[in-house]
Amino acid sequence: MKYLFLIFFVVLSGMAGITVLTAPDTSSDVPVLYWVTDANPARYEQVDLFHQWLIDNGYVTEDGKPIMELRLDTASADPTKKIIQSVAGVAGDIMDCDLAQMRELGVLEDVTDVARELGFDPSVTYPGVRSILEFEGRQYGFPCNVATSVMWANVDTFAQYGMEPPPLEMDADEFERIGLEYVERANADNPAKRRFFCESLAGWQSDGVLLSMLRSSGKSFLNETMTESRLDQDSRFLDILDRFYRWTYVYNLTPTAAQESSFSAQAGYGGGAGLALFQTGQYGIIMRGRWGLIRVRQFENPPNVSVSLPPTVDGGLQNLVMGSRRAGIYKGSKHKDLAALFLAYLASEPYSAQIVKSADALPPLPSLAETEEFIRPADFPNEWGVHDPIDQAARRVGIAGLSSPFVPTSYIVREVSIARDHVMTNNPVKTPERAVADCVLAINQEIARDVAADPNKQALYDELTETQARIDAYRAEGRPVPLEWITNPFYRWYYVQQGWAVAPEETAQSDLESDLGGGV
Amino acid sequence: MTGLAFLAPNILGFLGFTLVPLVFALMLAFTDWDLTLHNMFQSRPLDFVGLDNFERMINEPRFWNSLGRTLFMMMGIPFGIAGSLLAAILLTQNLRGGSGRNTGYIIAGAILLAGSGMLTLAGLGSTAMTLLVIGVAGTILVSGSIGGSTVYRTLFYTPYFTAGVATYLLWKKMYAVDTGPINVALTDPIDGLTTAVRALPAGLVQAGAWLCAGAMVLLLFWGVSRLRRWWREEDLGVYGLIFGGVLLGLPVVWASSWGVVAESGETIASLAAAGYVVQAAAIGLGVWLVTGLAGVERTRLTPSDEGLGSALILCAVLMIGLFAMLGLSRVLYALPAMAASTGGLKPPEWISDADWAKPSLIMMGLWAAIGSNNMLLYLAGLSNVPGELYEAADIDGAGRFGKFWNITWPQLAPVTFFIVVMSVIGGLQGGFEMVKTMTNGGPRESTTLLSFYIYTEAFELGRLGYASAVTWTLFGLVLSVTLFNWKFGNRYVNG
C-alpha cells in the first residue's frame, strides 16, 4: 500500500509541475481588469475592439500599447456569485449586473460625474432604460445593450400552413384568433397536437410579455411609488393569468411546461431550447429580445422572421418592456478610473456598431439603429423588416422594468412566477385568487421587512407612502397628479399618456415626453 | 508529540473550516446581518436582535412548508435502506459462473447481442431504447459470468460515483413527459389499463376504495396487536405506546377528510363512509388495546422509554402504508372518470407536475441510494456475520427467511443503526443540488426543500442572520433526531 501511495504522490506532483510549467503567461505590463459577463462568443470580439478603441483614443502607454488589459470572467456570471464576491471584496472590476440590486448592496461606484466627463451619461442612450441606470439622481452604470421583449414569428412556418404571420400590433383576442387558426392548420395531420402557435408561457421567456400585457391593462407589479403591490386589488392580473391558462390548457396554443420539457432540443448559449424548435417549425412564435437572432443566424438555413409586439388587453395602451444588460464598476476595484473608460467605450460608436453587427439586442446608441447595417443587414435578408419596427417601438412605447428601493426585482419576478405556476397548473388546493393574494402578501411582507431593517429606508418609505396616499386621493377626485410624485417608470409614462399627470412647472411638455420615451 | 503533529492538520482544518464558521453562524443567528446593510462597503453596525430571527421563522409559512416537504422526501429513506440491504445480500451470492454456466451465459449474452445487432440492421429506429437495454443486459450478463460479483458490485456502485449533476440531467430526460423512456414504457400498459377500466362497471372499480379501507383496518390491527403484545411481554414502555399510537392515529384522523374534494368542498358519500368505517375500527382497536393493557400485571419495572425505537419504526412504516392506502383509494375512485375522459389515462408528468415532483425525486433518490455507501456498509457487515451461526441454524432446520430474520438482520443491527442515523441527517440537510438542477424549487414551490429555502434567503436575498437562524434550527433538529437515535436506537442495537 505504501508503494501505491508513493506512486500516486509522485504522479500527482509531476502533473502539478507540468501544469505550472505549461500554464500560459498571464503577467502583464499594464493593469489588468476583469469584466464579469456572460459566455457569449461575441464578448471576445468586444474585448479586442475595446483594446483598439483605447489605442484610437490615445489611451496608450509610451510604447503605444493600450494602458490596460481587459480580460473576461464568464465563470462568475451567476447573480448570487456576483453578490457574494462583491461583498467579500473579490469581485471583478466591471460587472454586468442588476444595477439596482448591487447599488442596494453598496458595491457599485457612482459614475455620475465621470459619465458626464467621458460622455456616457444616460442622455446618450434610449430613454426607456434611463430609469434602470439612475437611482435618486445618481448614475451607476451604462447599457451593454438595450433589450426588448418582443415576439418573433417564423414566416416560413406560417406560410407552410397558408397563413400570414401576426401583425406588428394586435390585441389579445386577435392573438388568440390567429393562434387557434394556426394550431388547427398546423396539427391537421398531427393528432398528437405537438405543433404550437407560441412557445411556453410558463417560463422566463414570457415574463416580458406578461408584464407588457399587465401594463396594457393599466397595472404594474407595484404601485405608483413602488411601496406596495396591489395586484389583488382588482381582477386585471388574474384575467391575464386566466388567458395564459386558457391558451395553454384549453386551446393548446402553447405547450405546457411538461410538454416543453419533452422536446429533446437542448439549450446552448443564447436563449434556450425554444430557438431550435422555432427553427424546426415546432413553434410558430418565440418570445425574445433582438438578441435571440444571434442564434437564429447560426442555423444552417435561418428562417424568414417577422416581429410582433406583445398583445394589448381590453383596448389598453401598446407598450414594450425594455431591459438592458448593463455594466457597473465595482467599488472595490483598484482601477476604477480605468474601468470608467470601458463604460465610455460602451457609449462609443464602434461598440454600438459591433452590437448592430452581432444582433446582440439594440445598440446603446440609438443613432446606430438608424443605419442601413442595422435596418437591412446585408448577410441576413431574412431579417429585413424586423429591426426598424423594434427600434421605433423602443423609442415610442419602451419602458423599463421597475426597480424599487424596497424589494429586489428578482424577488417580485419569483413571486409572480409562483402565482403564475399555481394558476397555470390548475392547483386544486389553491384558487387563482388565493395564489395572487399570496403573491401580493409575500411582496408586501418583503417590503415591510426591508424597510424595518433600515432606518434610512423607513424615512423614505414613510415619505413615499404619504405621497401615494395623496396620489390616491387626487385620482379619486379626478385631479391631475404632479408627475414628480410618481417614481414607478411605467406609471410615469401611463399617467402622461392618459392625461392624468401634470409636469413640474419648469419642465416643458416636449422635454417630458422625451424623458418618458416619447422620442430620441 | 508525534501523534499530535500528525493530527494537527486535521484538527486545524476542522477548527478553521468547521468549528469557527459554525460558532460564527450561531452568533449570526441572533443578529440582523443583511448583506444589503452590512458588508465591507456599508459600515452600518451589526445589531443584536435576540430571538427576532427565530420568531420570524416560526411565523413564516414558507419555512414550515419547506420543512414539511423535506420530511416528506425523507419518507423514501426506509425504502432506500431496504434496497441497499437487498442489493448487498444479492451481491454476496456466488455469481461467478462455473465453466458450464459460463458457457451458457456467454451463449445467452451472444444471442442477445446478436439479436440487438440484427434489429439495428433491420432499421428499427423506434426500438433504439430496447436495443440499448438488450445490449447492456447482454454485456452485463457476460461480464458478470466471468468477473463474478465484482462486476455487479461495481455496476451497483456506479450511481454513487457518477457526478450528481450529470445523473440529475439524465433523470430529467428520463422523466420527460412525451419522449422520456419511462413514459414511453408506461404508455402501453396505461392504455391497456384505460381499456380495462372502461370495460368494467365504474362502481366495481370504485369499490376498490373499500378494499383500501379493509387494508387500512388490517394494517391498524397488525400494528395495534404488536404494540399490545410488546406491552404484555414488557418490551414496551409508556412512551413507545403513546408515540406509536399517535403515529398510527394520524392517518385515521386524516381519514375524516377522505371523502372531501379539496377544490369544490363537496363530499363523496362512499369515500366518506369508508373513512367512517376505518375510524370506527380504529376506535374499536384502541379500546381493545387499552383493555388489553389494563389486565396485565407487569412483573418488572419497565422503563418508560423501553422499546420506543422499535415502536416508532414499526408505527412510522405502518403510517406511510396507511397514508398510501388513503391516496390509492382516492385514485381508484377517480379512475373510471379519468379513463372515460378524452385520451384516457395518461402517464404522470413527473417533475413537471406539482403533485408528482416530490415522489419523482424520491424515486430517483432510491436509485442512487440503493447502490450507495449504504450497500458497501452492508456488504462489509455481511462479511462479518460469523458463519457458525448459519451452520447452527442449518442444523436446527432454519429456512432462508428464518436465517435472515434471526441471524442476518440482528447481526446487521449496528450497521443499520449507523445507516439510519446518517440517512436521517443527510435527508434533513440534503437535496439542494438535486432540486437546483432538476426543478429549481418548482413547480409552484413543491420541491423547495429546507436547504433550498436557506440558500434563497442567504444568497439571493442576503439575509444571513435569518438564514443562520434557520440553519441552526435545522442543526437542532438533526441533533435531536441523532440524540434520539443514540439513546433509543443504540439500546435496540445492543439489546
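Procedures and definitions
Residues numbered from 1 in each chain as written. Chains lettered and ligands numbered in written order. Predicted model: local features only at pLDDT ≥ 70, side-chain atom pairs only at ≥ 80, totals over all residues. Helix = DSSP H or I, 4+ residues; strand = E, 2+ residues; numbered from the N terminus. Contact = placed C-beta atoms within 7 Å. Rg over C-alpha atoms; globule rule 2.2 N^0.38 Å. Buried ≥ 20, exposed ≤ 12 C-beta atoms within 10 Å, placed from the backbone. Nonpolar A, V, L, I, M, F, W, Y, C, P; charged D, E, K, R; others polar. pLDDT = per-residue confidence, 0-100. Axes fitted to C-alpha atoms, helices over the stretch in contact; angles between N-to-C directions. Parallel < 35°, antiparallel > 145°, perpendicular 65-115°, else oblique. Pairing = 2+ DSSP bridges. Right-handed = clockwise from strand over helix to strand, strands pointing away. Left-handed = near helix turned anticlockwise from the far one by under 90°. Core = buried A, V, L, I, M, F, W, Y, C linked by C-beta atoms within 7 Å. Expected span 1.5 Å × (residues − 1).

A. Representation of the overall build of chain B. In terms of helices and strands, chain B carries 22 helices and two strands. Long-range contacts, defined here as pairs at least 24 residues apart, represent 76% of the contacts in chain B between residues at least 6 apart.

B. A look at the overall build of chain A. What chain A contains, in helices and strands, is 21 helices and 16 strands. Radius of gyration (C-alpha) of chain A: 25 Å, near the 24 Å computed for a compact globule of 520 residues. With the principal axes as the frame, chain A shows a C-alpha extent of 70 × 65 × 60 Å. Counting only residues that meet the buried cut, chain A has 48% of its 520 residues in that class. Pairs at least 24 residues apart make up 73% of the contacts formed inside chain A by residues separated by at least 6 positions.

C. Structural context of the interface of chain A and chain B. Taken together, the contact pairs 27 residues of chain A with 27 residues of chain B. Where the side of chain A that touches chain B is concerned, the elements lending two or more residues are α3 (79-88), α4 (99-105), α10 (257-262) and α17 (409-424) of chain A. Class assignment for the residues of the side of chain A that touches chain B results in twelve nonpolar, eleven polar and four charged.

D. Molecular detail of the confidence of the model for chain B. Residue and element names in this part refer to chain B. Taken residue by residue, chain B gives an average pLDDT of 83. The fraction at 70 or more is 88%. Taking the mean pLDDT of every element in chain B, the minimum, 67, falls on helix α5 (residues 99-121) and the maximum, 92, on helix α2 (residues 52-58). Here the predicted complex scores 0.80 on pTM and 0.79 on ipTM.

E. Here's a closer look at the packing of helix α11 (residues 208-232) of chain B against helix α12 (residues 238-254) of chain B. Residues and elements named next belong to chain B. Two elements in contact, α11 and α12, have axes separated by 11 Å at closest approach and are oriented at 175°. One element, α11, and the other, α12, form an angle in the roughly antiparallel class. On α12, the residues that touch L220, G223, L227 and W231 of α11 are L241, G244 and L248. The residue makeup of the contact of α11 with α12, split by class, is five nonpolar, two polar and no charged.

F. Summary view of the pairing of strand β1 (residues 32-36) of chain A. Residues and elements named next belong to chain A. Bridging between β1 and strand β2 (residues 69-73) involves five bridges; their strand directions are parallel. Considered in β2, the bridge of W35 is made with L72. Read from β1 through helix α2 (residues 42-56) to β2, the crossover connection turns out right-handed.

G. Summary view of the packing of α17 of chain A against helix α18 (residues 432-453) of chain A. Residue and element names in this part refer to chain A. Following both chains from N to C, one finds α17 and α18 inclined at 165°, their axes separated by 8 Å at the closest point. Judged by the inter-axis angle, α17 sits roughly antiparallel to α18. Crossing angle aside, the handedness with which α17 passes α18 is right-handed. In this structure, α17 contributes Y411, I412, E415, V416, I418, A419, H422 and V423 to the contact, and α18 contributes P432, A435, V436, C439, A442, I443 and E446.

H. A look at the sheet that holds strand β12 (residues 320-323) of chain A. Residues and elements named next belong to chain A. Ordered by their spatial adjacency, three strands build an open sheet running β7-β12-β14, and the pairing between neighbours is mixed. Where the open sheet ends on each side, the last strands, each with one partner, are β7 (147-148) and β14 (398-400). Taken together, the three bridges between β12 and β14 define a ladder with parallel strand orientation. Across the sheet, M322 pairs through a bridge with A400, a residue of β14.

I. Representation of the sheet that holds strand β6 (residues 142-143) of chain A in the model. All names here are of chain A. On the basis of which strands lie adjacent, the open sheet formed by five strands has the order β2-β1-β3-β13-β6 and mixed pairing. Of all strands in the sheet, those bounded by a partner on one side alone are β2 and β6. Pairing analysis gives two bridges linking β1 to strand β3 (residues 94-96), with the strands arranged parallel. Along β3, the bridge assignment pairs W35 with I94.

J. Seen up close, unusual backbone geometry. Positive phi values are uncommon outside glycine, yet M226 of chain A reaches one of about 60°. Along the chain, M226 of chain A falls in the loop between α8 (207-216) and α9 (236-250). Taking the number of C-beta atoms within 10 Å as the measure of exposure, M226 of chain A has 25 and is therefore buried. Its identity is not glycine, yet N440 of chain B carries a phi of approximately 50°, on the positive side. Among the secondary structure elements, N440 of chain B is positioned in the loop between α20 (432-438) and α21 (450-460). For N440 of chain B, a count of 12 C-beta atoms within 10 Å translates into the label exposed.

K. Geometry of the environment of G148 of chain B. Tracing the backbone through its elements, the reader meets G148 of chain B in the loop between α6 (128-147) and α7 (149-161). G148 of chain B gets classed as partly exposed once you count the C-beta atoms within 10 Å, which come to 16.

L. Here's a closer look at the nonpolar core. Core analysis: the largest hydrophobic core is formed by 175 residues, its most contacted members being I94, M322, F342, L343, L346 and C439 of chain A. Looking at this core element by element, the count peaks at nine residues for helix α13 (residues 336-346) of chain A. Residues in contact with L346 of chain A, not counting those within four places in the same chain, are F120, F142, P143, C144, A327, Y351 and P364 of chain A. In terms of nonpolar packing, the next biggest core, distinct from the first, is built from 32 residues, M216, V224, L285 and L312 of chain B among them.

M. Highlighting the environment of L253 of chain A. Residue and element names in this part refer to chain A. Positionally, L253 belongs in the loop between α9 and α10. Of the residues examined, L253 has 23 C-beta atoms within 10 Å and is grouped as buried. As for L253 and R138, which are separated by 115 residues in sequence, their C-alpha atoms are 45 Å apart. Among residues more than four places away in sequence, those in contact with L253 are G179, V183, F196, F197, C198 and W247.

N. Highlighting the confidence of the model for chain A. Put simply, chain A has an average pLDDT of 88, and 94% of its residues get 70 or more. Low pLDDT, under 50, characterises residues 506-511 of chain A; the stretch is placed with two contacts to residues that sit more than four places away or in other chains.

O. Summary view of α17 of chain A. Over its 16 residues, α17 of chain A extends 22 Å from the first C-alpha to the last, a length consistent with the 22 Å expected when each residue adds 1.5 Å. In the core, the buried residues of α17 of chain A are packed alongside α9 and α18 of chain A.

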